[in-house]
Amino acid sequence: MKKTTSALAIAALLGTGAASAATFQINDSSTFSISGDVEAIYTDENGNDGNGVTAIKSSGSEIHFSGEHASDNGLTSFFRLGVDGFDLTDGDANQTTTATVSGNEVESDSFDALSQDAVAMIGVRGDFGDVRFGNIVNSYEAVADITDVMADLAVGGLGDGEQDQTVQYSSPNFNGLSFVVDSQLRASDEKGDNEESMSISGRVNYELDGATLMVAYDERANVASAKERIGVAVATSLAGVSLAAKYETASDDNDNEEFSALGITASQTFGAVTLTGVVNQLDYDAAPTLEEGTGAAAETSDSFTQYGVVASYSVTDNLTAHAEMVAEDRDDDAGDGFGVGLTYKF
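Residues numbered from 1 in each chain as written. Predicted model: local features only at pLDDT ≥ 70, side-chain atom pairs only at ≥ 80, totals over all residues. Heavy atoms only, no water.

(A) Representation of the side chain of Asn-135 in the model. Tracing the backbone shows Asn-135 in strand β9 (residues 129–137). Judged by relative accessible area, Asn-135 falls into the buried class, the value being 18%. Apart from residues no more than four positions distant in its own chain, Asn-135 is found in contact with Arg-80, Val-119, Ala-120, Met-121, Glu-162, Gln-163 and Asp-164. (Helix = DSSP H or I, 4+ residues; strand = E, 2+ residues; numbered from the N terminus. Buried < 20%, exposed > 50% of the residue type's maximum accessible area, 1.4 Å probe, protein only. Contact = heavy atoms within 4.5 Å.)

This is how it looks when you write it as structure tokens:
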């Protein structure tokens, strides 16, 4: 499972930031950057029946290209183009296709990563703030992803990640106060049943005395049966320990999809080693099915106390080794597991 951009932003608050991109100065007003990561991960995670399932994967290795141009009118235009899904553990990225040439079938290999996992965004910024359109993490996810600090496993579930066809505005900083608002747009032929053409989310940030407070709202009009999410969060540092906490509620037409979540994350670095722990209390209105679409039965409980621990070691400035474990408090210990891996960032 690939971590979202907002999850990485929270990780940066917790002192686990990534290596910087390679940036090239094209001319006095234009720059071009290349960044990405290559991952190799081994996991042993319990399935819905409680039996362990092992996997070796890349978890979404990616490469991103970005650039910006500063104009004489004070505005800066920018773009980002990314390709996700490279997998050093699986050769299926090169797929065999068959074509008929002069009446004969001819097989050839084709690289399909661009057609499946390309993401793009363009925008402009200035004294007024920042406006962008494309594949963008919505503004609510910075709150939802407070507990999404594991390398590959998850506590409390993952956020929605990047949304396509999203327009987003970020305000300037007004003496510590700023806000972000966005909307995912859908044409009439793209909407599913009970989905709207627009789904609005927003977040207000306030920085004071070493702490960042966040209040966020997500309409979720682009998800059938779902209703709004509302969340609050705080991130700070105390006695060398980075701390973050969130509380959120999610409404839904179905009781077994309606929940509240209270999550706390703590992280501290000791030389080249960073230890991070997370606890998440998840309460539903009715016993949920936590693995939709997998044939899993509903849980016997509607309340779950989940936790995870991850230790990362900086082998070099841009190569990190990690070990992690999670416990999801589900029936038959489903979802519990551990993982180890390497991540190279550039």
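(B) Region of interest: the confidence of the model for the protein chain. Summing up the model confidence of the protein chain, the mean pLDDT is 82 and the portion of residues at 70 or higher is 79%. Strand β13 (residues 211–218) holds the highest mean pLDDT among the elements of the protein chain, 96, whereas strand β6 (residues 94–101) holds the lowest, 42. (pLDDT = per-residue confidence, 0-100.)

(C) How the structure looks around the pairing of strand β10 (residues 162–170). Bridge count between β9 and β10: 7 bridges; the pairing is antiparallel. Paired with Ile-136 across the strands is Gln-163, a residue of β10. Alignment of β10 against strand β11 (residues 177–185), held across 5 bridges, turns out to be antiparallel. Paired with Val-167 across the strands is Ser-183, a residue of β11. (Pairing = 2+ DSSP bridges.)

(D) A look at the pattern of salt bridges. Evaluated as defined, the whole model comprises 8 salt bridges. For the salt bridge of Arg-229 with Asp-218, the shortest nitrogen-to-oxygen distance reads 3.1 Å. One end of the pair, Arg-229, is in strand β14 (residues 226–238); the other, Asp-218, is in strand β13, with 11 residues separating them in the sequence. Classification of Arg-229 as buried rests on a relative accessible area of 8%. One salt-bridge network, held together by shared partners, links Glu-141, Asp-218 and Arg-229. (Salt bridge = Lys/Arg side-chain N within 4 Å of Asp/Glu carboxyl O.)

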